[in-house]
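# Observations on chain architecture
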Amino acid sequence: MKKIKHILLGSIIFMSINSTFAQNLKLAGAFSKSYAAEKIKDYDAAIKPLTDAYDNTSYEENLRLGWLFYKAGKNKESMNYYQTAVKLMPYSVEAKTGLIYPVFADNQIEELEGVYKKILEIDPLEINSNYQLGYIYYNKKNYDLAKKQFEKIINLYPSGYEPYLRDTWQQLNKTEKPSDKIIAAFAKSYDFEYKKDYLSAMNSLKDIYDPKYYDVNLRLGWLNYLAGLNKEAIKYYQIAIDLKPNSIEPRFGINYPLTALGNYDEISKQNKKIVELNPQNSYANYGLGAYYYAKNDYTSAYQYLEKVVNLYPFSYDGLILYAWANYKTGKTAEAKLLFNKVLMLSPGDTSALQGLALIK
Amino acid sequence: MDFGRKYRGIIIVLFFFTIGEIKAQDTLNTAFVEKQSYKLYLDKNWNELIKFGNKAIKNDFDYYYLRFRLGTAYFEQKKYLLASTQFQRALKFYSGDNLSKEYLYYCYIYTGRYDDARVLSKSFDNNLAQKTGTDKQSSLSFIQLEGGIKQSDKANYPHLNSHNDDTHKNDLINDTSIYKNVTYFQLGLGHYIKNRISLFHAFTYFSQENTHSKNETFTNDIQNTPLFGNDTIKFKSTDKTTQFQYYLNANIPLKNNWNISPAFHFIHKNVSSQVDTSSAIKHPAIAEESISSNSKTSTSKENYYIGSISIQKNVNRFSFAFGSAMLYGILKETNLQPQPPRMGGPPPRPITVTTTLPSVTLFQSNLTVEYSILGNSRIVIGCTGYINYTSKSTVLAPYIIAHPTYKITLMASYLTNSGDNVLEANAYLINNSTDNTVSRYAFTCGFQISRHIDLYAQYVYENKIESKQSFKYNYNGFFAGIRIKNFNKFTNPKNN
């Protein structure tokens, strides 16, 4: 009896996979046509093949239709498709991020606030949502709530993430502005950086250099990297890391010179720390997934890539590598589905076709 | 598909920002080191790259790409030992790099570090494993059969009185020893356990027959002893030695070019002796010769247990090995001892008496320093020094190994010994003869006749000293062997 149950269950799974596979093939053709039409900005033509082959259970199709309707200026329809995609993949940040476009275009601020909150339920440290939500509160003069959102960003990016937020943060906290000397030195260094004169940009910070000043070390790390002085860049970024060990900003920074030197093991250490501080960080998770994949540790790679694909189910880099990780860990049926999804995203993709050929 | 390589491209794209043209500088900085080393690498200017790369490393510029380029430069110049160090360092920065792994793998192969190559191959992905042929590695490494003979240069060693005391100063002693040929066979087997530990088993059979004859004529010149005149004693002993040995050696490559190699050697030696003695005694009083003869057989069984360990470290062109070995031997002698006559009965049978002789112990240490002149295995010189703590003596054994071509191996070695014999080559070579080797010259030639078969031959010239009478004699040894290897799809470009 138990055996029969297993056989029946196996058959159902097999049939379901095959049926999904056939559906994927059909959709792949529709996607291909839609990309060709989008390229020439003919959004109605891009929408048509997808609506002809519409399957309301396809996350990918709803996501794409959400985008195309937004591009065609049809925000209501766009919202509907995005919302269906959100329902199909409730843990996806990608569909919710897409939904922001038509909601914002339709000026539905209350709805927008709700979308950001939903994203933060999945990833409480998601930078863009904290940033936008912070400014929604700020504009409503709800400074305490704004401060709460901004604080999450500042903890991860102590330099202030970007100049506008840096000023807002100083204003909200009533902290003293840096001295004129510091502001002038930084301004000068930005000018030189713009002119690609990185050595002068570094020199302009010489007089204000303080080994305990996070911002100047972070900036020198960046400028040294731009000048090709990777060893020196690492030194400054490391000082910044030591000064703010719970931030991810200098860790992403140090990964630039480390990549230039090819020291990938050290990059993986930094990425692990980033994931520790910001568990849903898709860049760091992807970096670790790719690192372990390259090391043939497919099980570890799978764990990190799964996180990325859960957040962004229809984004190329995560999806293709996740498909390969599935294949390498023996999950052939799943790999087949994923490779087909890649073909929807990138018709004729060589890597996906190679993967499918191996499975056959 | 080699997705690993693709990934490298992806992360480089993700993180690597194109940097602008940077002017070459006299003083080293990262940008200049990177630019210059990359240029030399692209130009395949290996000599300059080696000079520049080493200078940069000395100045504390150390990163993946520099090490990789430097490794490639050494590899292209066939300096595989030096290249291996660079690729190992490159892998410390980027442990998943298949290209460095592949280079390092061949560095190990070309320098004879097969065990290290095996361990490294465990980290290969499918593509690289298929490419290098390590995906289907047999756990059997090789089978070897060797044999040989040792001939003494002179069969006889007659000499006169060795008694120096006053009592026997006029005695005539004609002492003759005959050393017959030594025959020797060995069956060896090498295999791997999980590609991590290599084991070598060797079963050895050794046999030799020695005869020792002695005629002694005593002149009785001691005053106040009128009873005896000239006495003659004839003595002949024949010893037949057979020896069985089992040797087991494990080689375990560790991280950072360390290698540990424990070994065990068991020897069972069986010596059967036949001693025939006859004496003719002149009795002056009755002018009559009294003749008596006696025959005695005995067997001695000796079991030796040897434990040894060697720890090796490779540093660029150098290789250092420190080892210690301990031997413990249990010797048992069985004699047929005659019994006193009994009145009225048949002559009593001799009884077997087994005597356990004092055990033998030996404790020694050794240090080997090896240097590769060309940074590969083309010409390697080395020397092993032994300290025998038991006999407080030393042994020095310099050697040179050359590979004029990849298929030919030549080796010459010399050994000089100030005392008792030592256990050589991590207790693989045991000289448990009671006669010490004073010096030894050995010449070995190996030839790879096919991918699967190696032939080798060795000539050994030994200067020995006899243990009891301290006379010198020599051995000429001729050995030959065949090794059958490569039971897998192992790919070695130099074999093809």
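Described in the following lines is the structure provided in the data block. Not measured: the values here are computed from a predicted model.

### Comments concerning the overall build of chain B
A tally of helices and strands in chain B yields 8 helices and 17 strands. Of all 496 residues assigned to chain B, the portion counted as buried reaches 44%. Considering only intrachain contacts with a sequence separation of at least 6, the fraction spanning at least 24 residues in chain B is 61%. About 25,700 Å² of surface is accessible on chain B, with carbon and sulfur atoms providing 59% of the total.

### Focus on the packing of helix α6 (residues 98-110) of chain B against helix α7 (residues 114-121) of chain B
Residue and element names in this part refer to chain B. Closest axis-to-axis distance for the α6/α7 pair is 7 Å, and the angle between their directions is 160 degrees. Between α6 and α7, the interaxial angle falls into the category roughly antiparallel. In the packing of α6 onto α7, the handedness of the crossing is left-handed. Where α6 abuts α7, its residues Lys-101, Leu-104, Tyr-105, Tyr-108 and Ile-109 lie against Tyr-114, Asp-116, Ala-117, Leu-120 and Ser-121. Its residues placed into classes, the contact of α6 with α7 shows 7 nonpolar, 1 polar and 2 charged.

### Structural notes on the layout of surface pockets
All names here are of chain A. Of the pockets and cavities examined, the second largest pocket occupies roughly 1,600 Å³. In this structure, the second largest pocket is lined by 50 residues; those nearest its centre are Tyr-157, Tyr-161, Glu-162, Glu-249 and Phe-252. With 5 residues, helix α10 (residues 180-194) is the largest single contributor of residues to the lining of the second largest pocket. Within the lining of the second largest pocket, the residues separate by chemical class into 28 nonpolar, 12 polar and 10 charged.

### Comments concerning the packing of helix α4 (residues 75-88) of chain A against helix α5 (residues 93-105) of chain A
All names here are of chain A. Their axes nearest at 9 Å, the elements α4 and α5 cross at an angle of 160 degrees. Of the possible angle classes, the one that applies to α4 and α5 is roughly antiparallel. In this structure, the crossing between α4 and α5 has a hand that is left-handed. Across from Asn-75, Ser-78, Met-79, Tyr-82, Gln-83, Ala-85 and Val-86 in α4, the residues of α5 making contact are Ala-95, Lys-96, Gly-98, Leu-99, Pro-102, Val-103 and Ala-105. Residue classes in the contact of α4 with α5 are distributed as 9 nonpolar, 4 polar and 1 charged.

### Quick notes on the nonpolar core
Counting 137 residues, the largest nonpolar core has Phe150(A), Phe339(A), Val33(B), Phe75(B) and Phe87(B) as its most contacted members. Aside from chain neighbours lying at most four places away, what touches Phe75(B) is Tyr80(B), Ala83(B), Phe87(B), Tyr103(B), Tyr106(B), Cys107(B) and Tyr110(B). In this structure, Leu226(A), Ala227(A), Ala233(A) and Ala31(B) belong to the second largest nonpolar core, which totals 19 residues.

### So, the pairing of strand β10 (residues 379-388) of chain B
Along any regular strand the residues' side chains alternate between the sheet's two faces. Residue and element names in this part refer to chain B. On β10, burial follows the alternation: Val-380, Gly-382, Thr-384, Tyr-386 and Asn-388 on one face are buried, whereas Ile-379, Ile-381, Cys-383, Gly-385 and Ile-387 on the facing-out side are not. Relative to strand β11 (residues 393-402), β10 runs antiparallel, the two sharing 10 bridges. When the bridges of β11 are listed, Gly-382 appears paired with Tyr-399. Where β10 hands over to β11, the hairpin turn is made up of 4 residues, of which Lys-392 adopts a positive phi near 50 degrees.

### Quick word on the environment of Tyr80(B)
Residue and element names in this part refer to chain B. In this fold, Tyr-80 is placed in helix α5 (residues 80-93). Its relative accessible area of 6% is what places Tyr-80 among the buried residues. Each C-alpha atom, one on Tyr-80 and one on Tyr-103, is 9.3 Å from the other, the two residues being 23 residues apart in sequence.

### Brief notes about α5(B)
Residues and elements named next belong to chain B. Along its 14 residues, α5 runs 20 Å from first to last C-alpha, staying within 8% of the 20 Å computed at 1.5 Å per residue. Extensive coverage of α5 is indicated by the burial of 12 of its 14 residues. For α5, the set of buried residues is Tyr-80, Leu-81, Leu-82, Ala-83, Ser-84, Thr-85, Gln-86, Phe-87, Gln-88, Ala-90, Leu-91 and Phe-93.

### Observations regarding the packing of aromatic side chains
Residue and element names in this part refer to chain B. Tallied over the full model, the rule gives 61 aromatic pairs over all chains. Ring centres of Tyr-64 and Phe-68 lie 6.1 Å apart, and the angle between their planes is 25 degrees; this geometry places the pair in the stacked category. You can see Tyr-64 and its partner Phe-68 sitting in helix α4 (residues 64-76), 4 residues apart, about one turn around the helix. Taking relative accessible area as the criterion, Tyr-64 reaches 1% and is therefore assigned buried. Plain terms: the ring middles of Phe-68 and Tyr-103 are 5.8 Å apart, the flat faces sit at 70 degrees to each other, and that makes the pair edge-to-face. Residue Phe-68 is located in helix α4, and its partner Tyr-103 is located in helix α6; the two are separated by 35 residues in the primary sequence. The burial state of Phe-68 is the same as that of Tyr-103; both residues are buried. Sitting over the face of the ring of Phe-142, Arg-483 holds its NZ or CZ atom 3.7 Å from the ring centroid.

### Quick look at the pairing of strand β1 (residues 140-152) of chain B
Where β1(B) meets strand β3 (residues 182-193) of chain B, 10 bridges bridge the pair, whose relative direction is antiparallel. Of the residues in β3(B), the one forming a bridge with Ile149(B) is Thr183(B).

### Overview of α4(A)
All names here are of chain A. The end-to-end C-alpha distance of α4 is 20 Å, a good match for the 20 Å that 14 residues give at a rise of 1.5 Å each. Three or more residues of α4 are buried, namely Asn-75, Ser-78, Met-79, Tyr-81, Tyr-82, Ala-85 and Val-86. In the core, the buried residues of α4 are packed alongside α2 (43-52), α3 (59-71) and α5.

Thresholds applied
- Residues numbered from 1 in each chain as written.
- Chains lettered and ligands numbered in written order.
- Predicted model: local features only at pLDDT ≥ 70, side-chain atom pairs only at ≥ 80, totals over all residues.
- Heavy atoms only, no water.
- Helix = DSSP H or I, 4+ residues; strand = E, 2+ residues; numbered from the N terminus.
- Buried < 20%, exposed > 50% of the residue type's maximum accessible area, 1.4 Å probe, protein only.
- Contact = heavy atoms within 4.5 Å.
- Areas by Shrake-Rupley, 256 points an atom, 1.4 Å probe, with all protein chains shown as cover.
- Axes fitted to C-alpha atoms, helices over the stretch in contact; angles between N-to-C directions.
- Parallel < 35°, antiparallel > 145°, perpendicular 65-115°, else oblique.
- Left-handed = near helix turned anticlockwise from the far one by under 90°.
- Nonpolar A, V, L, I, M, F, W, Y, C, P; charged D, E, K, R; others polar.
- 1 Å grid on protein atoms, 1.4 Å probe; cavity = no way out; pocket = protein on both sides within 12 Å on 5 of 7 lines; lining within 4 Å.
- Points joined across faces, edges and corners; volume = space filled by probe spheres on them.
- Core = buried A, V, L, I, M, F, W, Y, C linked by side-chain atoms within 4.5 Å.
- Pairing = 2+ DSSP bridges.
- Expected span 1.5 Å × (residues − 1).
- Phe/Tyr/Trp six-rings, centres within 6.5 Å; stacked < 30°, edge-to-face > 60°.
- Lys NZ or Arg CZ within 6 Å of the ring centre and 35° of its normal.

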